[in-house]
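Analysis of the macromolecular model
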Amino acid sequence: MAFDWNSVVAPLPAADEFEISFFGPGHGECIVMHVGGGRWVVVDSCVDTTDKANPHPVAEKYLTALGVDMASAVDLIVASHWHADHIRGLGRLVDRCPSALFSCAQAMVREEFMTFVEEMASASVSTYGAKLADFREAIRHLHDRGKTIRWAQGNKLLKAWNPSGALSGIPRCVVNALSPSDQEYSAFIAEVAAARPIQRGPKRAAAATSPNLVSIVLHVQFGDLSVLLGADMEVHHDPQRGWTAAIAAGQEAGLTPAHLLKVPHHGSVTGHHHELWTRLLAPRPLAVVTPFNKLPDERKLPTAADIGRLNDLTSRLYQTAPAVRTSSRGRDATVERGLRDSNIVLRDAAQPLGMVRCRWHSLAGWREEVFPPALLLTTPEPAAAARTNLED
Amino acid sequence: MQTAHLAATDSREYFRSATTADAAPVSDDMVRRFRRTQSSPTTQAVPELHISVAHPSPPPATLPQESLVEQVSTQLLAEWHGQVTEVLASSFVAELKGRHGEGVAGKEEVAVIPRDEVSPDDAELLEPGAFFSLCIAYEQSSRGRRKFTTVVFRRLPAYRREELEEARERGRQIARGLRLE
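Throughout what follows, the structure given in this document is the object of discussion. (Residues numbered from 1 in each chain as written. Chains lettered and ligands numbered in written order. Predicted model: local features only at pLDDT ≥ 70, side-chain atom pairs only at ≥ 80, totals over all residues. Heavy atoms only, no water.)

Brief notes about the overall build of chain B
Counting its secondary structure elements, chain B contains three helices and eight strands. Tracing chain B from N to C terminus, the helices and strands come up as α-α-β-β-β-β-β-β-β-α-β. The buried share of chain B, reckoned over its 181 residues, is 50%. Element-wise, carbon and sulfur atoms account for 50% of the exposed surface of chain B, whose accessible area totals about 8,600 Å². (Helix = DSSP H or I, 4+ residues; strand = E, 2+ residues; numbered from the N terminus. Buried < 20%, exposed > 50% of the residue type's maximum accessible area, 1.4 Å probe, protein only. Areas by Shrake-Rupley, 256 points an atom, 1.4 Å probe, with all protein chains shown as cover.)

Below, the structure written as structure tokens:
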């Protein structure tokens, strides 16, 4: 079912109001933030596959629905890493936001990776998951326009708004990267080198190896409010890599513990690091998890155990879409039998799009809105549930 | 239901029509695997016949030559082109684009396919990024009607030195032209 973009129409956030909206249909995610004064930031990109006629980036659809002029109001676009579920529609997004600063991991704009991208493009074969083509298109727009790319690494300022507080009534806002580390850079370049095609080798599509560890973890400070966006960062046994390195970067910078978390890597246990919760987050923060349902159902993320763990650590936990992918329909019964006989499971690539919108004001605190199929996962505490029952 | 009208003397033509122009020639093995039976013969109504296919087994020396040719009809029910995204222990995940069939053509889907469906000869091709065709078809012969499901990996042309050098030069030019800070 197509997402009703009219349902998200709302008055624009006030100049001193922070907004963060999460989109995630089950394969793909995007975050749109209002950082004060009518300025906007987009982190990652996915497209609205439920709208067959206009499968455009969800950030474009959302900002258009709100009446925001993307061309002038989006100041920063961050591509956290090059997995297909984070970069679909990125080329169009960059094209539509010519005034935005673009940021990605340093390794993704080095000659080694650019060469790899062009080599894979020369294969001239693709299916719907365009993957690198979206990233390639974005980089080409930036190259042709002579735009500056601010590469991210641990403990690097990406952009600040109203840094001196000169604009009265608008809180200062700062976006810092906590990753990737230098070690991740080296590891990524080595992986790309190993994946590059060779002469007389068969053509194939680009396939991600383990780029999650070059994910950009972001810390956003808006006045007294802090938000941590965990991207797809995972744990690594090397303390110079993964979450251990990102947490160290955050501590070194003396960042304020965050009140809201975009849960890393779809809530998986491989993205869970105990010290993230004790060192970079305030106790029981608000949290949003984006599911990943492209794998077989038994490997979908988050699992029930992941949700249980996250519920114990958060005050409220939202999920942007169901974790189970819906079956595709309309096939001939004989074809269905053929698939069933061979134990082949097909799921519709176009999954329902959900959205969680959180607005924060220093006087009013958080105000959260859930647009189905997004859902609240938090189980009401027994005392609260009993109280509600009595009131009923 | 759509019907694939195949006018050929060999199942090779099926694969030529089912894959794109840059696919490698159809091998004997691909034909053999396409003919692999996935379900029991049925007694349903026989669809119209379109092709004549030589029996794949060597004939016994004592049979007259005329009896060795069997009328076989192949009816393509559904076809997808796919790209492997992840290989798991007993299955693989792929992105599919429907090419043929009611409720199939034009649709984009995500599939989990048992590795058993991949023939041992194609096992080395099963890796992330690999392309394949997934087909479901009927084959009608004098022995009855059989339903096939087949996964055939595409053997794409190899990278040529010139195109790799051109790609690398483009990559170098773009990287050197980027303004980084």
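Brief notes about the packing of helix α5 (residues 111–121) of chain A against helix α3 (residues 161–177) of chain B
Packing of α5(A) against α3(B) brings their axes to within 7 Å, and their N-to-C directions diverge by 135°. On the basis of the axis angle, α5(A) is oblique to α3(B). α5(A) and α3(B) meet at a crossing whose hand is right-handed. Residues A:E111, A:M114, A:T115, A:E118 and A:E119 of α5(A) form the contact with α3(B), whose participating residues are B:L164, B:A167, B:R168, B:R170, B:G171, B:R172, B:I174, B:A175 and B:R176. The residue makeup of the contact of α5(A) with α3(B), split by class, is five nonpolar, two polar and seven charged. (Axes fitted to C-alpha atoms, helices over the stretch in contact; angles between N-to-C directions. Parallel < 35°, antiparallel > 145°, perpendicular 65-115°, else oblique. Left-handed = near helix turned anticlockwise from the far one by under 90°. Contact = heavy atoms within 4.5 Å. Nonpolar A, V, L, I, M, F, W, Y, C, P; charged D, E, K, R; others polar.)

Here we look at the pairing of strand β6 (residues 131–141) of chain B
All names here are of chain B. With 11 of 11 residues buried, β6 is to be regarded as a mostly interior element. Here strand β3 (residues 73–87) pairs with β6 via 10 bridges, running antiparallel. Looking at β6, one finds that S73 is bridged to Q140. In the sheet, β6 pairs with strand β7 (residues 144–153) via 10 bridges, with the strands oriented antiparallel. Across the sheet, residue Y138 finds its bridge partner in β7, namely K147. With antiparallel pairing between neighbouring strands as the criterion, β6 and β7 make up a hairpin whose turn holds two residues. (Pairing = 2+ DSSP bridges.)

Concerning helix α11 (residues 333–341) of chain A
Here α11(A) has its buried residues at A:T334, A:V335, A:G338 and A:L339. One side of α11(A) holds all its buried residues, which, seen down the axis, span an arc of 140°. On its buried face, α11(A) is in contact with β14 (345–348) of chain A together with β3, β6 and β7 of chain B. N-cap assignment for α11(A): the residue whose side-chain oxygen lies 2.8 Å from the backbone N of A:T334 is A:D332. Looking one or two residues past α11(A), A:N343 carries a phi angle of roughly 60°, positive in sign. (Arc of directions from axis to C-beta. Polar contact = N/O pair within 3.5 Å; in protein donor to acceptor, adjacent residues only side chain to side chain.)

A look at the nonpolar core
Side chains that are nonpolar tend, in soluble globular proteins, to be buried together. Residues and elements named next belong to chain A. I77, F102, F113, F135 and I139 are the most contacted members of the largest nonpolar core, which has 57 residues in total. Leave out the neighbours within four places in its chain, and F102 touches I77, A79, L90, V94, F135, I139, L142, T148, I149 and R150. Formed by 32 residues, the second largest nonpolar core is a distinct cluster that contains F22, F222, L229 and C358. (Core = buried A, V, L, I, M, F, W, Y, C linked by side-chain atoms within 4.5 Å.)

A short note on the environment of A:P322
All names here are of chain A. Here P322 lies in the loop between β13 (316–319) and α11. Classification of P322 as partly exposed rests on a relative accessible area of 35%. When the C-alpha atoms of P322 and P373 are compared, they prove to be 6.7 Å apart, with 51 residues separating the residues in sequence. Apart from residues lying up to four places away in sequence, P322 is in contact with P291, N293 and P373.

A look at the sheet that holds strand β7 (residues 156–161) of chain A
With mixed pairing, eight strands are arranged side by side in an open sheet as β7-β8-β9-β10-β11-β12-β13-β17 (chain A). Looking at strand neighbours, the two that pair on one side only are β7 and β17 (375–376) of chain A, the edges of this open sheet.

Distances and angles like these do not, on their own, reveal function.
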